[in-house]
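Analysis of the macromolecular model
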Amino acid sequence: MITLSDCFVNKRWNMAEYAYHNVQFYRDKLQEMGVTWKELASWDEWNKLPVIEKNQIVEHSDDLISQEYVADVAMERLIHTHTSGSTGTFLDVYWNKEDMLHALLPLWVDRWKVANIHARDRLCQFNTTLANDNVYEINGNTMIVSKDRLSSSYLEDTYWRIREFEPKWMILHPAMAFFLMEYARKMDLPALESVRYVELTGEMSWEGLRAELESTWGCVVNMHYGTMEVQSIGYEERNRYRLYEQTTYVEVLDDEGKEVGEGESGNIFVTSLHNRAMPFVRYGIGDVGRICSERKDGKWQRYLVLEKARKNDRIRLKEGESIPADVLLKPVETVNGYYQNVVYQFQAVQKSVSQMELFIVMDEEFGREKFMQLYRDVIQGTVVGDMDFTFTFSDCIRPQYYTGKIKWFVNEME
């Protein structure tokens, strides 16, 4: 396993020291441990610092604001946003503008490298909701579209408004990108010719979507991995994310909070190296993945490989046990790998310990009966093979209106 440079090690310790001196939540953690920051830091062992989860802070988010920025929050001088709620929990997040610009800098460099995108270029992005229940609004060089107003009655007009705005680039979730692309195909609408770069973010993309978007829209498409809490985490390279070590420290831990070995899967925790207004130190973001590294341009580079299931995406079994939901994706990946991506969208909903409902969007020429048989053949050899699977086919799985994402696995027993 590679070691981080002294620069990044110092930056994470500096942020931790700042948090434990200026943020009530972290000071309370020290009190619970019965130690002072000086004693904790003297151990010089990063893994001795407590880990935190979103559900621990969502009802006490005010305690996570640095005392240096409390007045700025009250005077509304900070950037105020919130998480999307895809984990089931919404959290208000605050940023100092200068800190946010530093956190986003490496991402802007990548945007410029892959598609010559600049901050002044016209952008179209999608937000959960807008003031006054607007369908869209234009602020300077940015058009913001409301995700929860994209019903059939508004969608065609909104599509034409986007086309008239002539954005150079777009930021949207993969589910929203697919939805927009399929709607334009169905209605035989002209392409968005002005768009030369699409940045997918907020959820994992399925196999083949990126290539299909690039072919249909005639532009560069790439994935960015980040959160509102820390902004930029990594940028996609060959089905994995090159980590932005200069902005966010990423570690993978087991269920006991201990670091796993390189290449081993675990829960992803992050530390923002820039957010002083609301510091996040060893913060669990609910995703599962593994870290690998390789030598690149004479230096070691760390990469993050995401698992498709989130930390809490688990199938309940009859014996009271649970397993990761990824097993349900194996037949889809097998079919797509052998038949060149005939399945476009997939969602599984657990109804009971013995019943699973599957929703599928696929190439109609492939044949539904053929897919159902292949799915059952592959799943039969797994621990959930004796479940009762029902299949529902449609032309689109719509994103959730309040997140703009598609949660591929839903456990209705929870």
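Everything numeric here is computed off the predicted structure, so don't read it as measured data.

1. A closer look at the packing of aromatic side chains
- Per the counting criterion, the structure on display carries 19 aromatic pairs.
- Both rings, one in Phe371 and one in Tyr375, keep their centres 6.0 Å apart while their planes meet at 45°; by these two values the pair is tilted. In this pair, Phe371 and Tyr375 both sit in helix H11 (residues 368-379), four residues apart, roughly one turn of the helix.
- Plain terms: the ring middles of Tyr375 and Phe391 are 5.8 Å apart, the flat faces sit at 80° to each other, and that makes the pair edge-to-face. Of the two residues, Tyr375 sits in helix H11 while Phe391 sits in strand S20 (residues 388-393), which places them 16 residues apart along the sequence.
- Given a relative accessible area of 14%, Phe391 falls into the buried group.
- Members of the aromatic cluster, each reached through a chain of ring pairs, are Phe346, Phe371, Tyr375, Phe389, Phe391, Phe393, Trp408 and Phe409.
- Here the guanidinium or amino end of Arg12 rests over the ring plane of Trp46, the centre of that ring lying 4.7 Å away.
- Its end group placed over the ring of Phe165, Arg122 keeps NZ or CZ at 4.7 Å from the ring centre.

2. Examining the side chain of Thr248
- Position of Thr248 among the secondary structure elements: in strand S12 (residues 248-253).
- Within the structure, Thr248 has its side chain in polar contact with the backbone oxygen of Ser232 (distance 2.7 Å).
- Within the structure, the side chain of Thr248 is placed 3.4 Å from the side chain of Thr247, a separation counted as a polar contact.
- Not counting residues up to four positions away in its chain, the partners in contact with Thr248 are Val230, Ser232, Ile233, Val270, Thr271 and Leu273.

3. Let's talk about helix H2 (residues 24-33)
- Along H2, the residues classified as buried are Phe25, Tyr26, Lys29 and Leu30. Taken down its axis, H2 places every buried residue within 145° of arc, on the same side.
- Directly beyond the C-terminal end of H2, a positive phi value near 75° is found at Gly34.

Quick notes on the rules
Residues numbered from 1 in each chain as written. Predicted model: local features only at pLDDT ≥ 70, side-chain atom pairs only at ≥ 80, totals over all residues. Heavy atoms only, no water. Phe/Tyr/Trp six-rings, centres within 6.5 Å; stacked < 30°, edge-to-face > 60°. Helix = DSSP H or I, 4+ residues; strand = E, 2+ residues; numbered from the N terminus. Buried < 20%, exposed > 50% of the residue type's maximum accessible area, 1.4 Å probe, protein only. Lys NZ or Arg CZ within 6 Å of the ring centre and 35° of its normal. Polar contact = N/O pair within 3.5 Å; in protein donor to acceptor, adjacent residues only side chain to side chain. Contact = heavy atoms within 4.5 Å. Arc of directions from axis to C-beta.

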